[in-house]
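Analysis of the macromolecular model
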Amino acid sequence: MKTKIALAVLLLGLAIPALAQKKIAPGELPKPAQEFLKEHFSHTGIEKAKKDAEHGEKGYEVKLQDGTEVEFWKDGSYREVDGGKNPIPTAFIPASIRDYVAANYPNEKITHIDYGHKDVDVDLTNGIDLEFTKDGKFLKKD
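Structural notes, computed from the coordinates. Remember, it's a predicted structure, so these values are computed and weren't measured experimentally.

**Topic: the pairing of strand 7 (residues 119-124)**
One ladder, built from five bridges, connects strand 6 (residues 110-115) with strand 7; its direction is antiparallel. Considered in strand 7, the bridge of Ile-110 is made with Leu-124. Between strand 6 and strand 7, which pair antiparallel one after the other, the connecting turn spans three residues. Pairing of strand 7 with strand 8 (residues 129-133) involves five bridges; the strand directions are antiparallel. When the sheet's bridge partners are listed, Val-122 is paired in strand 8 with Leu-130. Linking strand 7 to strand 8, which pair antiparallel, is a turn of four residues; within it Gly-127 sits at a positive phi near 90 degrees.

Below you can see the structure in the form of C-alpha cells.
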C-alpha cells in the first residue's frame, strides 16, 4: 500500500510541473518578446519556447541555440536573461547599470540580469553578483 501511495505522489509531482509549462511555437510569443529576441539575439535561433506559470505569474521561457535563456513577463517584456558563463548583449540593460559595471569592473562582462519584484540582480563573468534598485542605483555586491 505504501508503495502505491509513494508511486502516486511521485507521478503527481512529475505531472504538475508538466502542466505548468506548455511548449509553444516562437510565433506564439507576445509581439514585444519576439521583437526583443529579433533585436538583441538575431545571431542565434530559438531552440524552444514555453508558456510558464512560475510563482503564480504566467510568463514565457525561451532557450536559444547558443544556450542563453530568456524569461518574459506575460506582456512580453523581458524579466531575465541568463547567458550562463557567457556574456549577454547589453543594449537593453539600463545605462546606469552598464555604466556602473564599466566603471567598477572594466574587464568584466554581464552574464545575467534578473528583474525581481524589488531589485535587479546582475552577474558578471568573474562570478560577482551585483544588486541594483529598479531604477538602476547600486545597492550591494554579493
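So much for the structure itself; the text now carries on.
**What about the packing of aromatic side chains?**
Ring pairs (aromatic) are described by centroid distance and by the angle formed between their planes. On inspection of all chains with the given rule, the structure shows ten aromatic pairs. An aromatic cluster is present here, built from Phe-36, Phe-41, Phe-72, Tyr-78, Phe-92 and Tyr-115 joined pairwise through their rings. Over the ring of Trp-73 we find Arg-79, and its NZ or CZ is 5.5 Å from the ring centre.

What counts and how
- Position numbers for residues start from 1 in each chain and track the written sequence from start to end.
- Since the coordinates come from a predicted model, pLDDT governs what is reported: local features require at least 70, and pairs of side-chain atoms require 80 or more to be given and counted, while whole-chain, interface and lining totals use all residues.
- Where side-chain values are given, they derive from all heavy atoms of the structure, hydrogens and water being excluded.
- Criterion used throughout: strands pair if DSSP finds at least two bridges between them.
- Strands here are runs of E lasting at least two residues and helices are runs of H or I lasting at least four, both read from the DSSP assignment and numbered beginning at the N terminus.
- Any two of the Phe, Tyr and Trp rings considered here, Trp counted by its six-membered ring, make a pair once their centres fall within 6.5 Å; the pair's planes then place it as stacked at under 30 degrees, edge-to-face at over 60, or tilted in between.
- Comment: the charge-over-ring label is applied if NZ (Lys) or CZ (Arg) is within 6 Å of the ring centre and within 35 degrees of the ring normal.

Geometry only, nothing functional implied.
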